[in-house]
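# Coordinate analysis (summary)
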Amino acid sequence: MEEFIMYEFKEIVENIYVLKAPFSIVWTGITLVRGEKNYLIDTGADAPEKYLIPALEGLGMKMSDIDYLLCTHCHGDHITGHAETVEYYRALAKASKYPVYAYVTPVTMQHSELYSFAKELSEIDNVAGLKITIPDYYRFARVNQIDGGRLNTLNGPDEMLLSSLVIGADGAIGTTYNIVPKLAIGVYDNFRSGDLKAALECQNKLNEFINVMLGRNMAAWKAALTLLGYDMGYTVFPAKMP
């Protein structure tokens, strides 16, 4: 049915248009600013001829009419898929004297792209690893097997830390670890020492904390850190500090 759906730029304010381009089960926004100079902000997740070029043609424009192309950030749904993301990391790795890590989230790419993306990254000399926040541990395990485990893999979902270690993650980066670090360290250290029961107890306690914080806005996280003695400043409206 998708070929029968029309995707077009909608004018939201004078001379500013937004195209809702499909991405997985949601959509990503492509913004066009028209004037003496035309600005295109982001390009979506698919090849331009699929949605972007037809949408421009609907306004009587061509890609050659775009004077400036801007990218808000390097997620795959904003820079035409993972091929461009790989090139971004290739350029970054070449320019950096430090090892480079990629960050993969469900917003960055679809689950099915993870392995091929990681395989391409593994061929870039200065890319050391990646943080994977896609909760698909079948594909996570496949990434761990690339080139005999060359990539250093870090788990993203805090609630699945132990699961990630079981399938070969080297470590993890998580938001809740800043507030309850002893629990996260307990999961890691107990797993490494072979005490799975103790590791699971720490994971369950960590998940109880996550259940309390789940769905809270930034003010709640700042409040938790404030209780630990850190000056987190104020939180802007509407996420007011308690």
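Anyway, here's the lowdown on the structure attached to this text. (Residues numbered from 1 in each chain as written. Predicted model: local features only at pLDDT ≥ 70, side-chain atom pairs only at ≥ 80, totals over all residues. Heavy atoms only, no water.)

Its location among the elements puts serine 164 in helix α5 (residues 161–166). Taking the relative accessible area as the measure of exposure, serine 164 reaches 0% and is therefore buried. For serine 164, the side chain forms a polar contact with the main-chain oxygen of leucine 161, separated by 2.6 Å. Setting aside its immediate chain neighbours within four residues, serine 164 contacts Tyr137, Asn155 and Ala169. (Helix = DSSP H or I, 4+ residues; strand = E, 2+ residues; numbered from the N terminus. Buried < 20%, exposed > 50% of the residue type's maximum accessible area, 1.4 Å probe, protein only. Polar contact = N/O pair within 3.5 Å; in protein donor to acceptor, adjacent residues only side chain to side chain. Contact = heavy atoms within 4.5 Å.)

What follows concerns the environment of arginine 34. One can find arginine 34 in the loop between β3 (26–33) and β4 (39–41). Contact partners of arginine 34, with chain neighbours within four places excluded, come to Asn15, Tyr17, Leu59 and Met61.

This part is about the environment of methionine 63. Its location among the elements puts methionine 63 in the loop between α1 (52–58) and β5 (68–70). Sequence separation between methionine 63 and isoleucine 53 is 10 residues; the distance between their C-alpha atoms is 6.8 Å. Apart from residues lying up to four places away in sequence, methionine 63 is in contact with Leu52, Ile53 and Leu56.

Before going further, it helps to examine the packing of aromatic side chains. Inspection of every chain in the model, using the stated rule, returns four aromatic pairs. Each ring, one from tyrosine 137 and one from phenylalanine 140, has its centre 5.6 Å from the other, and the planes form 20°; the classification is stacked. Of this pair, tyrosine 137 and phenylalanine 140 both sit in helix α4 (residues 137–144), three residues apart, roughly one helical turn. By the burial criterion, tyrosine 137 is buried, and phenylalanine 140 matches it. Residue placement shows arginine 142 over the ring face of tyrosine 115; its charged tip is 3.8 Å from the ring centre. (Phe/Tyr/Trp six-rings, centres within 6.5 Å; stacked < 30°, edge-to-face > 60°. Lys NZ or Arg CZ within 6 Å of the ring centre and 35° of its normal.)

What follows concerns the environment of leucine 40. Here leucine 40 shows up in strand β4. Sequence separation between leucine 40 and leucine 70 is 30 residues; the distance between their C-alpha atoms is 6.2 Å. With residues up to four places along the chain from it excluded, the contact list for leucine 40 reads Phe9, Ile30, Thr31, Leu32, Leu52, Ile66, Tyr68, Leu69 and Leu70.

Taken in spatial order, the four strands of this open sheet run β6-β7-β8-β9, and their pairing is parallel. At either end of the open sheet lies a strand with only one pairing partner, and these are β6 (100–104) and β9 (171–172). Relative to strand β7 (residues 127–132), β6 runs parallel, the two being bridged by five bridges. Residue pairing across strands places valine 104 opposite isoleucine 132, the latter belonging to β7. (Pairing = 2+ DSSP bridges.)

As paired elements, β7 and strand β8 (residues 152–155) share four bridges and run parallel to each other. Looking at the pairing, leucine 130 lines up with threonine 153 of β8. The β-α-β motif built from β7, the intervening α4 and the parallel element β8 has right-handed crossover chirality. As judged from the two bridges shared by β8 and β9, these two strands associate in the parallel manner. Each residue of the ladder has a partner; that of leucine 154, found in β9, is glycine 171. (Right-handed = clockwise from strand over helix to strand, strands pointing away.)

Next up on the list: the pattern of salt bridges. A complete count under the given rule lists four salt bridges for this structure. Its salt-bridge partner being glutamate 87, residue arginine 90 comes within 3.3 Å of it at the nearest N-O pair. In this pair, arginine 90 and glutamate 87 both sit in helix α2 (residues 82–95), three residues apart, roughly one turn of the helix. The class for arginine 90 is partly exposed, based on a relative accessible area of 35%. When its relative accessible area of 43% is taken as the criterion, glutamate 87 is described as partly exposed. We note a salt bridge from aspartate 136 to arginine 139, for which the minimum N-O separation is 2.7 Å. (Salt bridge = Lys/Arg side-chain N within 4 Å of Asp/Glu carboxyl O.)

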